[in-house]
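A look at the structure
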Amino acid sequence: MTSPSAESKPLEKCKYTNCLISEKSPYLLQHAHNPVQWYPWCQEAIDKAKKENKLIFLSVGYSTCHWCHVMEKESFENEDVAKIMNEHFVNIKVDREERPDIDRVYMLFVMATNGSGGWPMSVFLTPDLRPVTGGTYFPPEDRWGRPGFKSILLSLAKKWKENQSQFLEASMNIMDALQKISIVDGENSTSVPGEATWDRCVQRYMSNYEPEFGGFGTAPKFPQASIFNFLFHYYARDKSHPEGKKCLEMCLYTLTKIAKGGIHDHVSSGFARYSVDNDWHVPHFEKMLYDQAQLLVAYTDAFLATKDEFYADVVHDIIKYVNRDLRHESGGFYSAEDADSYPTTEATHKKEGAFCVWEYDELKSIIGDKKINSIPYMDIFADYFSIEEDGNISPTSDPHGELTNKNVLIVYGSKEETANKFGLSIDQLNQVLSECIDILYQARQKRPRPHLDSKMLCSWNGLMIAGLAQAGQGLAEKDYVEDAIKTAQFIKKHLYDQSTHTLLHSCYKAEDGSVAQTINPIKGFLDDYAFLIKGLLDLYEASLDLGWLNWARELQQTQDKLFWDPVNSGYFTCSAEDSTVVLRLKEDQDGAEPSGNSVACHNLQRLAAYADKSAAPEGGDHEREMAKQLLLAFSKRLTASPTALPEMMSALMFYNDSPTQVLISGGCSDPRTLELVRVVRSRLLPGRVLAVADPTAESPAGMSDILLSRIRSAGDVPTAYVCRRYACSLPVTDVKQLESLLDEAPATTSTKSK
């Protein structure tokens with residue numbers, strides 16, 4: 001297991017200590033010894049601002065944010081800047097991953113006023129928390145005709161003292177404007193968008209597709225996993241459709257290029273956040289848990305679509321990384337690893353990518369004089385991974401000169417090309433590459449490790465449960481399902497209140513390795529519920545344990561109570577309980593993570609399918625109606641900006657098509673049942689809902705409660721039904737028959753559901 005302290009330098013006596021010292025967030029603790037008198041987001045700080053009649057300076061970031069580190073080093077560790085901040089402002093530091101509700105409110109303001117956003121986010125607020133001005137990173141001094149952070153601080157302090165009424169009036173107007181632009185509703189839409197909407201979305205992705213290295217747009221390039229989900233879904237609903245085939249090609253080519261690129265850590269596994277160039281070559285080196293989780297699903301889908309072991313190998317690689325470097329021994333997953341680290345144990349300043357990059361002579365020394373057929377390993381390794389003597393990183397990808405003469409491993413060619421060049425078999429080449437990677441991995445372990453953000457978030461762990469469960473099903477790896485079960489059990493123990501059926505947002509690794517919690521635990525947000533419910537539904541299908549489905553149903557009821565908008569429909573990102581959150585928003589963008597509303601729309605439809613024709617009086621109609629109302633609420637957004645919500649666009653197809661239900665009646669331990677289940681799991685099926693009703697279960701209610709009182713086995717023989725677009729097949733008991741049903745075009749399904 002990776003230790004958060006692995007990157008630590010010897011402790012020095014700290015000159016300053018502020019209120020952040022009592023926090024658990026690694027990001028807040030990074031600033032606990034700044035000369036700035038930081039407060040966490042709390043009532044004490046807000047009351048202080050009101051009492052002393054000062055503006056609030058709000059700084060929002062996260063522990064693995066490179067430019068957050070830069071601004072801290074330049075400004076927050078500077079005693080002269082800190083003196084100005086302490087004299088004229090109440091200073092609040094927020095970890096955006098701990099408080100996404102606060103982050104979203106003020107990021108909306110920054111993007112509306114500046115045209116773009118990012119972290120660190122720097123916002124000035126009135127004592128009643130209304131924003132007045134802000135931006136992202138500010139340099140410490142005036143540069144290129146633009147004011148620096150010190151000048152901005154002094155100017156705002158002077159204006160606040162001289163003309164508060166103007167500030168207050170402006171802040172009121174700003175809040176009114178934010179209220180208006182934050183409204184998400186369907187403007188009296190009466191019908192859910194249809195096929196033309198997702199066809200338009202596909203056309204946009206086709207026009208934005210970059211054919212040389214894949215991806216959708218130019219540098220910087222992000223994996224954008226929600227796009228893969230949508231395009232795979234579009235392909236799988238009609239595999240003969242020409243545009244569907246093009247969607248598959250775009251996904252596979254892009255995923256291949258990403259896996260071969262420098263954004264993929266070929267030595268220590270896992271994926272970096274994004275690449276700064278067009279080739280997926282030079283990454284921003286931080287590794288985020290949510291990227292690993294979502295890419296697990298994308299590469300599993302690629303494997304299911306092709307049965308190409310290349311994609312399965314990537315799945316194994318991601319899971320190796322997260323289990324080795326991001327996992328708490330109790331089953332929870334940490335948030336991220338930093339981009340920056342010390343180049344050597346003697347270094348006093350961190351550099352981006354220092355843990356990951358290589359100089360040519362260093363590689364030559366590490367690999368040594370090992371040879372195969374008289375050919376140096378180094379020559380073969382350098383050819384395959386495009387290593388150059390003076391480094392393989394373009395100056396345009398390294399504006400700060402931190403990567404001069406460095407190499408980031410990337411595969412531009414193929415194994416066949418390298419093997420042919422050196423007269424090797426593929427097996428021989430694989431042996432050379434594997435030995436070299438092992439040597440480099442061991443050498444890398446001697447370097448100072450990047451900072452590990454050991455915060456464990458319910459939402460991101462929910463995504464990991466989904467990724468592990470889907471990988472376990474698609475690759476028939478029981479260990480991955482067991483990993484998912486262990487994580488679900490972790491959440492139930494550490495991030496769930498059984499008495500109120502509510503979730504907590506985060507927990508932390510304590511210094512002794514145990515799981516710790518803050519004095520006032522942060523209550524769960526929409527994403528915590530939606531992402532975990534998704535994970536639990538996938539985990540039910542992977543484990544056939546009805547307990548996970550039942551917990552998902554319970555959490556959905558809590559989610560509806562806390563976040564549903566009864567006026568305009570859809571879910572708010574936070575509950576109404578915290579009065580310090582001045583604006584309740586609805587996320588209308590699938591970005592680095594899918595929006596909670598997009599995932600919830602899928603969840604509602606899956607839960608409706610599980611309740612369909614069951615003993616429940618509403619029989620799934622309630623969840624189906626909520627999904628409809630959600631899609632109506634976002635209908636304008638889906639129609640006007642189809643690529644803004646690819647995950648919800650997938651849910652829209654799900655709604656219009658109805659789910660592909662595969663319903664099996666048979667004993668869960670019966671090999672014949674499990675063989676039918678295997679056939680289902682081994683296919684890429686759009687909007688799939690898999691359910692197994694076990695007539696041998698101890699509780700007969702278990703079978704009827706899960707769904708499908710209409711399902712009856714053929715005597716004592718396990719039986720399967722396939723239902724598509726509100727029509728069900730005749731029952732089948734033979735594996736070959738089930739394979740034929742699943743592989744045929746949906747339009748040929750028979751026997752109208754009763």
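Throughout what follows, the structure given in this document is the object of discussion. (Residues numbered from 1 in each chain as written. Predicted model: local features only at pLDDT ≥ 70, side-chain atom pairs only at ≥ 80, totals over all residues. Heavy atoms only, no water.)

Focus on the sheet that holds strand 14 (residues 452-453)
- Reading across the sheet, the 3 strands line up as 8-9-14 and stay open at both edges, with antiparallel pairing between neighbours. Edge strands, defined here as strands with exactly one partner in the open sheet, are strand 8 (287-288) and strand 14. (Pairing = 2+ DSSP bridges. Helix = DSSP H or I, 4+ residues; strand = E, 2+ residues; numbered from the N terminus.)

Comments concerning the pairing of strand 3 (residues 89-95)
- With 7 of 7 residues buried, strand 3 lies mostly within the body of the structure.
- In strand 3, alternate side chains face the same way, and those of Phe89, Asn91, Lys93 and Asp95 on one face and Val90, Ile92 and Val94 on the other are all buried.
- As paired strands, strand 1 (residues 38-39) and strand 3 are joined by 2 bridges and run parallel to one another. Bridge assignment links Tyr39 to a residue of strand 3, and that residue is Ile92.
- Pairing of strand 2 (residues 55-61) with strand 3 involves 7 bridges; the strand directions are parallel. Considered in strand 3, the bridge of Leu58 is made with Ile92. (Buried < 20%, exposed > 50% of the residue type's maximum accessible area, 1.4 Å probe, protein only.)

Quick notes on the pattern of salt bridges
- Inspection of every chain in the model, using the stated rule, returns 40 salt bridges.
- For Asp265, the salt bridge is made with Lys287, and the minimal N-O distance between the two is 2.9 Å. Taken together, the residues Asp265 in the loop between helix 10 (242-260) and strand 6 (274-275) and Lys287 in strand 8 connect sequence positions 22 residues apart.
- Here Lys287 falls in the buried class, since its relative accessible area comes to 6%.
- Between Lys406 and Glu359 there is a salt bridge, with the nearest N and O atoms lying 3.0 Å from each other. With Lys406 in the loop between helix 14 (377-384) and helix 15 (415-422) and Glu359 in the loop between strand 11 (351-352) and helix 13 (360-367), the pair connects residues that are 47 residues apart, well separated along the chain.
- On the basis of relative accessibility, which here comes to 33%, the residue Glu359 falls in the partly exposed class.
- One salt-bridge network, in which partners are shared between bridges, spans Lys534, Asp538, Glu541, Arg606 and Arg688. (Salt bridge = Lys/Arg side-chain N within 4 Å of Asp/Glu carboxyl O.)

Details of the side chain of Thr487
- In this structure, Thr487 sits in helix 18 (residues 478-494).
- The class for Thr487 is buried, based on a relative accessible area of 0%.
- Setting aside residues no more than four positions away along its own chain, Thr487 makes contact with Arg327, Gly331, Phe333, Asn461 and Ile465. (Contact = heavy atoms within 4.5 Å.)

A short note on the packing of helix 17 (residues 458-474) against helix 19 (residues 526-543)
- The interhelical angle for the contact between helix 17 and helix 19, taken along N-to-C directions, is 20°, at an axis separation of 7 Å. Relative to helix 19, the element helix 17 lies roughly parallel. By crossing handedness, the relation of helix 17 to helix 19 is classed as left-handed. Between helix 17 and helix 19, the residues in contact are Cys458, Ser459, Gly462, Leu463, Ile465, Ala466, Ala469, Gln470 and Gln473 and Asp527, Asp528, Phe531, Leu532, Lys534, Gly535, Leu536, Asp538, Leu539, Glu541 and Ala542, respectively.
- For the contact of helix 17 with helix 19, the class distribution of residues is 10 nonpolar, 5 polar and 5 charged. (Axes fitted to C-alpha atoms, helices over the stretch in contact; angles between N-to-C directions. Parallel < 35°, antiparallel > 145°, perpendicular 65-115°, else oblique. Left-handed = near helix turned anticlockwise from the far one by under 90°. Nonpolar A, V, L, I, M, F, W, Y, C, P; charged D, E, K, R; others polar.)

So, the state of the cysteines
- Counting across every chain of the model gives 2 disulfides.
- Each sulfur of the disulfide joining Cys723 and Cys728 lies 1.9 Å from the other. Between Cys723 and Cys728, the S-S torsion sits near 105°, and that sign places the bridge as right-handed. The exposure classification of Cys723 matches that of Cys728, with both residues buried.
- Regarding the disulfides, the chain carries the connectivity 1-2, 3-4 under sequence-order numbering of its bonded cysteines. (Disulfide = S-S within 2.5 Å.)

Thoughts on the packing of aromatic side chains
- Counting across every chain of the model gives 29 aromatic pairs.
- Here Phe138 and Phe149 contribute two aromatic rings whose centre-to-centre distance is 6.2 Å and whose plane-to-plane angle is 15°, an arrangement assigned as stacked. Of this pair, Phe138 sits in the loop between strand 5 (131-135) and helix 6 (149-162) while Phe149 is found in helix 6, placing the two residues 11 residues apart along the sequence.
- By relative accessible area, which is 15% here, Phe138 ends up buried.
- Here the aromatic rings of Trp160 and Phe167 are separated by 5.6 Å at their centres, their planes lie at 85°, and the arrangement is edge-to-face.
- Look at Phe167 and you get buried, because its relative accessible area is 12%.
- Connected via pairs of aromatic rings, a cluster forms that spans Trp38, Phe57, Phe76, Phe89, Phe124, Phe138 and Phe149.
- Here the guanidinium or amino end of Arg444 rests over the ring plane of Phe355, the centre of that ring lying 5.4 Å away.
- When the ring centre of Trp551 is taken as origin, the NZ or CZ atom of Lys492, which lies over that ring, is 4.7 Å away. (Phe/Tyr/Trp six-rings, centres within 6.5 Å; stacked < 30°, edge-to-face > 60°. Lys NZ or Arg CZ within 6 Å of the ring centre and 35° of its normal.)

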